[in-house]
Amino acid sequence: MRGYCWVISFFMTNNFISLSNITKQYSDGMGIRKVLNGLSLNVANGDFIAITGESGSGKTTLLSVIGTLIKPDEGTYLLDGKAIDYSMDALAEIRNKQIGMVFQDYRLLPQLSAIQNICLPLLATHSSVPRDAVERAMQLMEMMGISTLADRGVDCLSGGEKSRVAICRALINSPMLLLADEPTGQLDDVNAKQVADLFRMLNTELHTSIIMVTHSAEMASVAKRQYRLANGKLKTIEN
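Residues numbered from 1 in each chain as written. Predicted model: local features only at pLDDT ≥ 70, side-chain atom pairs only at ≥ 80, totals over all residues. Heavy atoms only, no water.

Peer 1: Let's hear about unusual backbone geometry: which residues, and what values?
Peer 2: We note that T68 has phi near 65°; this positive angle belongs to a residue other than glycine. Within the fold, T68 resides in the loop between α2 (59–66) and β4 (74–79). Overall, the relative accessible area of 1% leaves T68 in the buried class. Of note in the backbone geometry, E182 takes a positive phi value of approximately 50° without being a glycine. Counting through the fold element by element, E182 comes out in the loop between β7 (177–181) and α7 (189–205). Classification of E182 as buried rests on a relative accessible area of 8%. (Helix = DSSP H or I, 4+ residues; strand = E, 2+ residues; numbered from the N terminus. Buried < 20%, exposed > 50% of the residue type's maximum accessible area, 1.4 Å probe, protein only.)

Right, dumping it as structure tokens:
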């Protein structure tokens, strides 16, 4: 009986991410506004979630909470079954090893080549980039169809190529979770579809868990689950 109860408990708690009653508020000059208001979300390993919502609804704030870039005012955040330690050293370890991030503006360094930008996160824990990491960077670039651009400066890349470099950089440390904030926001329809296909491939073939914020209904449709953020809470969208 004890073993049976353990199995039930395992499957009830087998979430990579568990947010419970998360609240985040800001002062907007006219008072206090709760951007996130008692929000809860469970994310299993290998999940792919898209979050939509109006501008200013709190999508980026939610992604920043999950990415440990900001601390919620209230609520609990469990990552891989453990409560988040908000000390500087612990957060640096989480961001570098467990979570990869793709920002809307890519945040690539113009003075570096494409492959140097991809390998940049490795310098947080190494004095120089290990050879096997360079090989992994090239494998990622080949997977993304940009291996010929390794030594090209990022200022010479198109928007679609920059987005692929940013995705490779987010994956260089083999994170369990990929967070993407409007990854196709600056792309035309053709490049946006290609990025959508890449995200689907990352989820199905590499089993990378993905949480993506997007305004695009087409981009959201590639996810396994969709939510809409409104009034500080998430509402399930039926596919």
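Read on, since the account is not over.
Peer 1: Hey, could you go over the pattern of salt bridges for me, with residue numbers and the actual values?
Peer 2: Enumeration according to the criterion identifies six salt bridges in this entry. Between D47 and R225 there is a salt bridge; the shortest N-O distance is 2.5 Å. Taken as a pair, D47 in the loop between β2 (32–43) and β3 (48–52) and R225 in strand β9 (residues 225–230) lie far apart in primary sequence, 178 residues in all. With its nearest N and O atoms 3.2 Å apart, the salt bridge here joins D197 to K193. Linking D197 with K193, this pair stays in helix α7, spanning four residues, or about one helical turn. Each of K193, D197 and R200 takes part in a single network of salt bridges with overlapping partners. (Salt bridge = Lys/Arg side-chain N within 4 Å of Asp/Glu carboxyl O.)

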